[in-house]
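Structural characterization, general
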Amino acid sequence: MSVKQDISGALRKIQKEIQQLPNITDRLNFILDMTLTLFGASTGSISIMDQEEKVLTIVAAKGMDWEKKIAAKLPFNLGVTGRAASTREITYVPDVLLDRDYVKLIETVRSELAIPLLTRDSVVGVLNLESDKVNFFSPDIINQATLFASQLTIVILEERIAKEAFEKSKREEDPVEEILGYDPSILFLKHRIRQVGPSDISVMMIGEEGSGKKLVAKALHYISQRKNAPFHTVDCSGLSYELLEAELFGSFSGKIFNPGKLEQSNTGSLYIESIGDLPSNLQNKLFQTLSDKTIPNPTLKKKDEVLNIRIFTGSKRDLLEDIQKETFSMDLYYRLAEVPLRMPPLRERRGDIPLLAHHFLYQYNKQYGRNKSFSTEALKSLTGMPWSGNVRQLQSVIQYAVLVPQETVLEPYSFQQDGKREEETRTKVSGFGVGTEILTPSENLSLNLAIEKLEAIWIKEAFQRASTQEEVAKLLGISRGSLQYKLKNNQFLDGFSV
Ligand SMILES: Nc1ncnc2c1ncn2[C@@H]1O[C@H](COP(=O)(O)OP(=O)(O)OP(=O)(O)O)[C@@H](O)[C@H]1O
């Protein structure tokens, strides 16, 4: 039997069978299964277009480890799927390894076909077919698949499948899907969050500044039973002993007791940032409070004192070293890190940068009423930057580029926060405005020295633009504690007063 005959047979079967399937997820999976079998594809997906937000939501997928969670979002013009949607044209990538725009979702995929599901004046979604073989889709299969897709669009529209799938994905907004990225390290992280999220286990996130530790803590809280109870945060960096003690355990003003964050988070979760900066005495006090399960509030009656709290913590460094140096309590560590989670730095998952950049672009365009976009060069330059401040730094660079420069199509120089233009930046690297002073190696070739120098220039510049340490830290994409550390220890900031 030819594929042509199979197509009409498959479409008839789809139309008939989906009537029997009351559940939208089953209907979509049935359609996808039939389609993959028909064209011999090993994996694939169906995405539906959100006209308002200009993102594609994957509503059915086969072959991804995260296929249970299908509401992943792709920006309208990102990757092969996005290209098919934004150009309204069939996009075929015979060898994904040779395609620079390719967003890798499945390790085994070698060739991919994306067919837009079109009406006369809109894009309903995209059908993706993938194969684990290079150049799998012949011109004949592509023609047949295109014909099939046009018929499928009609079925999807008639059966209100697109609308229902879209509404379902909206209803099911999932805190874990706020964590964007398709790098295997992020997919693994999300998998772990889904595994441990619903339990009461304590989780310690270890990763550089701005790498998403707090975002993960929130996801863990919001997929747990505690989601309707409070979620609070305490940052141990840059707070004096007394303030930190009051913040965590509460304090008296006169005769009135102000509950601390531990009590405020009772029945919910508390995220403690920079836990490695917690002074020793407070480490012991925290361990005791958590072991005793007593609310630290002397004004409470005995029976009301039970502390029912889940703790998440964040640390930039691995505290096992601090335990060895005896600056961090081993008991507390094992109480807080029942599950340790490592956050990958952005530079180790560069493939995710276009996705994140588009996400922030969309967000800030909406917030500031702009309609900016990236040139190909701009995206390329973003992908190549060092990102020592990780996702937070990327976010603030895009916020600046949306808000400040005039150009609607952002170019590499648009990310320069010193207002200088392209001609002036040719001698500089990565659109980051690095002065030639740094780029020209002096006699001393120490990389650490060069980095320290660069940090000093950046910090001084940030203090020109913002007045408080908090704002400066935000501009630099680092925490306040980290800024204070650099101010104290960077030799090129000696004598620099803020
Ligand atoms: N994978 C991601 N997807 C989307 N947004 C992200 C991701 N990772 C981080 N962000 C965003 O980047 C910003 C910084 O993240 P977050 O505050 O969670 O980092 P952090 O590791 O806790 O930082 P720090 O240690 O400096 O306090 C936030 O706005 C967060 O929403």
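Everything that follows concerns the structure shown earlier in this document.
In short, a report on the structure. (Residues numbered from 1 in each chain as written. Predicted model: local features only at pLDDT ≥ 70, side-chain atom pairs only at ≥ 80, totals over all residues. Heavy atoms only, no water.)

As for the pairing of strand E11 (residues 269–273)
Regular strands place side chains that alternate from one sheet face to the opposite one. With five of five residues buried, E11 is to be regarded as a mostly interior element. Burial along E11 is two-sided: the residues Ser-269, Tyr-271 and Glu-273 and Leu-270 and Ile-272 are all buried. Across four bridges, E11 lies against strand E12 (residues 310–315) in parallel orientation. When the sheet's bridge partners are listed, Leu-270 is paired in E12 with Ile-311. (Buried < 20%, exposed > 50% of the residue type's maximum accessible area, 1.4 Å probe, protein only. Helix = DSSP H or I, 4+ residues; strand = E, 2+ residues; numbered from the N terminus. Pairing = 2+ DSSP bridges.)

A look at the pairing of strand E2 (residues 55–62)
By the criterion of burial, E2 is predominantly enclosed, with seven of the eight residues buried. Taken together, the seven bridges between strand E1 (residues 43–50) and E2 define a ladder with antiparallel strand orientation. Bridge assignment links Ile-48 to a residue of E2, and that residue is Thr-57.

Section: the site of the ligand
Not every one of the 18 residues close to the ligand is listed here, only the nearest: Leu-180, Gly-210, Lys-213, Leu-215 and Gln-395. Between the ligand and Glu-273 there is a distance of 3.2 Å, counted from an oxygen atom to a side-chain nitrogen or oxygen. With respect to the ligand, the side chain of Arg-392 contributes an N or O atom lying 3.0 Å from an oxygen atom. A total of 640 Å² of accessible area belongs to the ligand in isolation, and the protein chains cover 87% of it. Taken together, the elements giving at least two residues each to the shell around the ligand come down to helix H7 (213–222), helix H13 (353–368) and helix H15 (390–403). Among the domains, domain 2 (177–342) and domain 3 (347–493) are the pair contributing at least three residues each to the shell around the ligand. (Near = heavy atom within 4 Å. Polar contact = N/O pair within 3.5 Å; in protein donor to acceptor, adjacent residues only side chain to side chain. Areas by Shrake-Rupley, 256 points an atom, 1.4 Å probe, with all protein chains shown as cover. Domains from an automatic or database assignment.)

All quantities given are derived from atomic positions and should not be read as evidence of function.
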